[in-house]
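Residues per chain are reported as follows:
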Amino acid sequence: MSLHRMRRVRWRAAVVATGVAALLTAGMAAAVSAQAAAGCRVGYAVSAQWPGGFTANVDVTNLGDPVNGWNLTWTFTSGQQVTQAWNATVTASGGGRHTAVNASYNPAIGTNGTVSFGFNGSWSGSNAAPASFALNGVTCTGGIGGTPSASVSASTRPSQSSSPSPSPSPSPSPSGQPGDPMATVAAMQPGWNLGNTLDAIPDETAWGNPLTTQALLHHVRQQGFNSIRIPVTWSNHHGPGPAYTIDTAWLSRVRQIVDWSLSEGFYVMINLHHDSWQWINTYPSDRTNVLARYHALWAQLSATFRDHSPRLVFESINEPQFAGTSGDEQNYQALQELNTDFVRTVRQSGGNNATRLLVLPTLYTNADQGRLDALTATFNQLNDRNLAATVHFYGYWPFSVNIAGGTRYDAAVEQDLVGSFDRVRAAFVARGIPVIIGEWALLSWDHTRPGIIERGEFLKYLEAVGYHARIRNLTTMLWDAGQFLNRGELRWRDPGVFAMMKTSWTTRSATASADQVYVARNAAITGKTLTLNLNGTAFRGLRQGTTDLVSGSDYTVSGNTLTLTAAAVTRLVGNRAYGVNATIEARFSQGEPWLINIITYDPPTQAAATGTTSSFAIPTQFRGDQLATMEARYADGTNAGPANWTSYKEFWTHFQPDYTANTILLKPEFFDEVNDGTVTLTFHFWSGTQVTYRITKAGTSVTGTNS
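Residues numbered from 1 in each chain as written. Predicted model: local features only at pLDDT ≥ 70, side-chain atom pairs only at ≥ 80, totals over all residues. Heavy atoms only, no water.

**Here's the deal with the overall build of the protein**
Check the secondary structure of the protein and you find 13 helices and 43 strands. Expressed as a percentage of its 707 residues, the buried residues of the protein come to 56%. When the accessible area of the protein is evaluated, it comes to approximately 26,500 Å², of which 50% is carbon and sulfur surface. (Helix = DSSP H or I, 4+ residues; strand = E, 2+ residues; numbered from the N terminus. Buried < 20%, exposed > 50% of the residue type's maximum accessible area, 1.4 Å probe, protein only. Areas by Shrake-Rupley, 256 points an atom, 1.4 Å probe, with all protein chains shown as cover.)

**A few points about the packing of aromatic side chains**
The way to describe two aromatic rings as a pair is by their centre distance and the angle between their planes. Throughout the structure, instances matching the rule amount to 34 aromatic pairs. Taking 6.1 Å as the distance between ring centres and 85° as the angle between the ring planes, the aromatic pair formed by Trp 74 and Phe 76 counts as edge-to-face. Residues Trp 74 and Phe 76 agree in their burial class; the two are buried. On the numbers, 6.1 Å between centres and 80° between planes, the contact of Phe 498 with Trp 505 is edge-to-face. This pair shows no difference in class: Phe 498 is buried, exactly as Trp 505 is. Linked through ring pairs, Phe 393, Phe 399, Tyr 409, Phe 421, Trp 440, Trp 445, Phe 458, Tyr 461 and Phe 484 together constitute an aromatic cluster. Directly above the ring of Tyr 267 sits Arg 311, whose terminal nitrogen or CZ lies 4.3 Å from the centroid. Here the guanidinium or amino end of Arg 508 rests over the ring plane of Tyr 467, the centre of that ring lying 3.8 Å away. (Phe/Tyr/Trp six-rings, centres within 6.5 Å; stacked < 30°, edge-to-face > 60°. Lys NZ or Arg CZ within 6 Å of the ring centre and 35° of its normal.)

**What to know about the sheet that holds strand S43 (residues 701-706)**
Ordered by their spatial adjacency, five strands build an open sheet running S36-S43-S42-S41-S38, and the pairing between neighbours is antiparallel. Looking at strand neighbours, the two that pair on one side only are strand S36 (609-612) and strand S38 (627-634), the edges of this open sheet. Sheet twist, expressed as the mean angle between neighbouring strand axes with direction ignored, is 25°. Relative to strand S42 (residues 690-698), strand S41 (residues 677-685) runs antiparallel, the two sharing eight bridges. Across the sheet, the residue bridging to Leu 681 is Tyr 693, located in S42. (Pairing = 2+ DSSP bridges. Axes fitted to C-alpha atoms, helices over the stretch in contact; angles between N-to-C directions.)

**Some details on the sheet that holds strand S14 (residues 138-139)**
Here we have five strands laid out as an open sheet, ordered S9-S10-S7-S13-S14, and antiparallel in their pairing. Both edges of this open sheet fall to strand S9 (88-92) and S14, since each of them pairs with a single strand only.

**Thoughts on the state of the cysteines**
For the structure shown, the criterion picks out one disulfide. Here Cys 40 is linked by a disulfide to Cys 140, with a sulfur-sulfur distance of 2.0 Å. On the sign convention where negative means left-handed, the S-S torsion of about -100° between Cys 40 and Cys 140 marks this disulfide as left-handed. Linking Cys 40 in strand S4 (residues 40-50) with Cys 140 in the loop between S14 and strand S15 (149-153), this pair joins segments that are 100 residues apart in sequence. For the pair formed by Cys 40 and Cys 140, the shared burial category is buried. (Disulfide = S-S within 2.5 Å.)

**Looking at the pairing of strand S22 (residues 435-440)**
The buried count for S22 comes to six of six residues, which makes it a mostly enclosed element. Summarising the sheet, strand S21 (residues 387-393) and S22 pair through five bridges and their orientation is parallel. Its bridge partner being in S22, Ala 389 is matched across the sheet by Val 435. As paired strands, S22 and strand S23 (residues 475-480) are joined by three bridges and run parallel to one another. In the sheet register, Ile 436 faces S23, and the bridge partner there is Thr 475. Where the polypeptide runs from S22 across helix H10 (residues 455-470) and back to S23, its parallel neighbour, the crossover connection is right-handed. (Right-handed = clockwise from strand over helix to strand, strands pointing away.)

**Let's talk about the pairing of strand S27 (residues 516-520)**
Summarising burial for S27: four of the five residues are buried, a large majority. Bridge count for S27 against strand S34 (residues 594-601) is five bridges, and the pairing is parallel. For Val 517, the partnering residue across the bridge sits in S34 and is Ile 598.

**Description of the side chain of Glu 439**
Looking at the secondary structure, you find Glu 439 in strand S22. Among the polar contacts made by the side chain of Glu 439, one reaches the side chain of Arg 229 at a distance of 2.9 Å. (Polar contact = N/O pair within 3.5 Å; in protein donor to acceptor, adjacent residues only side chain to side chain.)

**Description of unusual backbone geometry**
Across the junction of Gln 189 and Pro 190, the peptide omega takes the value -5°, indicating a cis bond. With respect to the helices and strands, the residue Pro 190 is situated in the loop between helix H1 (181-187) and strand S16 (191-194). The amide bond that connects Gly 241 to the next residue, Pro 242, takes the cis arrangement and shows omega of 5°. Examined against the element boundaries, Pro 242 turns out to sit in the loop between strand S17 (227-230) and helix H3 (248-263).

**Observations concerning the pattern of salt bridges**
Scanning the model with the defined rule gives 20 salt bridges in all. Here Arg 229 and Glu 315 are joined by a salt bridge, their closest N and O atoms 3.0 Å apart. With a gap of 86 residues between them, Arg 229 in strand S17 and Glu 315 in strand S19 (residues 312-315) connect regions that are remote in the sequence. The exposure class assigned to Arg 229 is buried, which follows from its relative accessible area of 0%. You can call Glu 315 buried: its relative accessible area is 0%. Taking the shortest distance from any N to any O, the salt bridge between Arg 587 and Glu 585 comes out at 2.1 Å. A relative accessible area of 30% means that Arg 587 is categorised as partly exposed. Classification of Glu 585 by relative accessible area gives buried; the value is 16%. Look at the salt bridges and you will find they share partners, linking Arg 229, Glu 315 and Glu 439 into a network. (Salt bridge = Lys/Arg side-chain N within 4 Å of Asp/Glu carboxyl O.)

**Quick notes on the confidence of the model for the protein**
Chain-level statistics for the protein give a pLDDT mean of 89 and a share of 89% at 70 or above. The low-confidence segment residues 2-36, where pLDDT is below 50, has 141 contacts with residues more than four positions distant or belonging to other chains. Within the model, pLDDT remains below 50 along residues 144-177, and this stretch shows 86 contacts once partners closer than five positions in the same chain are excluded. (pLDDT = per-residue confidence, 0-100. Contact = heavy atoms within 4.5 Å.)

**A word on the side chain of Ser 687**
Considering the arrangement of structural elements, one finds Ser 687 in the loop between S41 and S42. A polar contact is formed between the side chain of Ser 687 and the side chain of Thr 689, at a distance of 2.9 Å. Excluding residues within four positions of it along the chain, Ser 687 makes contact with Tyr 518, Tyr 601 and Asp 625.

What follows is the structure, given as structure tokens:
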């Protein structure tokens, strides 16, 4: 993926506890049936801890007769909550009691056998280890007969300095060891992409981002990200065949950023990125040359990073795609051959590569069922336990780019999200294969093109992605090409957007039907209603700045309906100047508050205009309103312009508001597919107002009149 396009907090996000552990030992005789002896031992270790979160690993050893189907129960006494688990399903039942149930692939524990699972959790105040565990209802005491005892030891490692020095081979992490890919991928949650940087063509700064610094990586780590994906395009940085020798300077720069990232405590993923469409896509018609080049690159990368920490992860290809094939079956075969060569090349290089986690994509890195089935066949053929699957997720396409009327996070958007995540969970996670959502965002959320995606609708999407990924044990890696983090200033472009994203890693937040309340300037003021999407939270009240609004006189709540009284609205709009007059926040029992802008407007007006198909602007007085979308139809009612399967055109690509100049621009890309004659445009604004405008095209000349 590429998009040619926080506060500055200096706290250290991870305090790694290398030895926080509770080992329950000794023994006690117990019986689950007349003939079966029972006994067990549990090792509980917190391998990583940071403000508000931690990672724990649990080893359960069965000291009694074999069991087939297990559950482990314990109680957290300090209010901790499990937010994501692997190798087991963990549920909470109140009072801090938690139950882990085996996955479909690990139900059996033989005598003296051990099963392991782990989880990420949230905490506040303290993070005390559980005092005891029970396996299938039998307290684990460490043997057959004896008295239970528990011991806890702890040590901490000082946080690293803000300017770590590169380490050519950082030491392995205590969590996510080779051989436990589910634990490794879970520990990578959440992840961040260093997008449009080393993947940029031809070099690191070509697509507008600054050179990567240790300070940037340190800042990202401080924000709570546990992994970083470093997309790398190699096409312009190696010599000719047959050696395809990678440029020394380029490889050194990649290694430097990898080492900086490892020193910060990140899991790191590197790949072949835009190579996918620059030359790998010709594989079906140029198999010998493409495979030789591909193999040579991965052989060199394998040798370079052979002894690097297991926290370094390799991804074979970004968004694989192929040209000149007969269809999907040939595409699947081509991808299977390349993924297979990748795995064999890395494994044969030895060292830590023998067990390094390797990540394989679906065709197009897409979550359609056929793509998932094809990759499943590759996993079955390779029979390598240290593999993970990856797909990308940019949401329901009409919503992701604002076309076809896709302005809101609605049922169609939700269904697409849930369906995609359900499919990848069923295909892989349920079978013990971890999944990384290697890129996610919305395609048109971009600070250089504001207004395409309405902010409140985007916040709903962020909240939902975090929740639905978390409950399905999917690790997510945000695609950030500069549209989220201002790398030059080390601050989030919209701190509220990041806050919603970060909160979704551990808990739900409530939202509402809108984050805007429009109040007509030249009409009597009435009460205004919003529908609350509580998402399991409880409404606590409204606040403006530091002042709480008063229930009854300022607002009422009936079920999920929040009503602002006419008196409150009157006070909030003040002198009724166009635009945002006040911002209030709805507060809930957990999660982020929901900001609501109170906006004064009048219906926008438009004026006649003349121009050409390469330059046409409609004079528009927005009068406090904001444009949501535009429809285009011919006189006979058929859809006009590009994407004529819908009357709604694509925001910014086909039309663009300019609030400073008081115009709406119709783009050349729109006129390229408009027939001569009259077209009726309908502009939809966020207040609900619709304004009709007619244009007439004759060759390259365009005239426009308001209806």
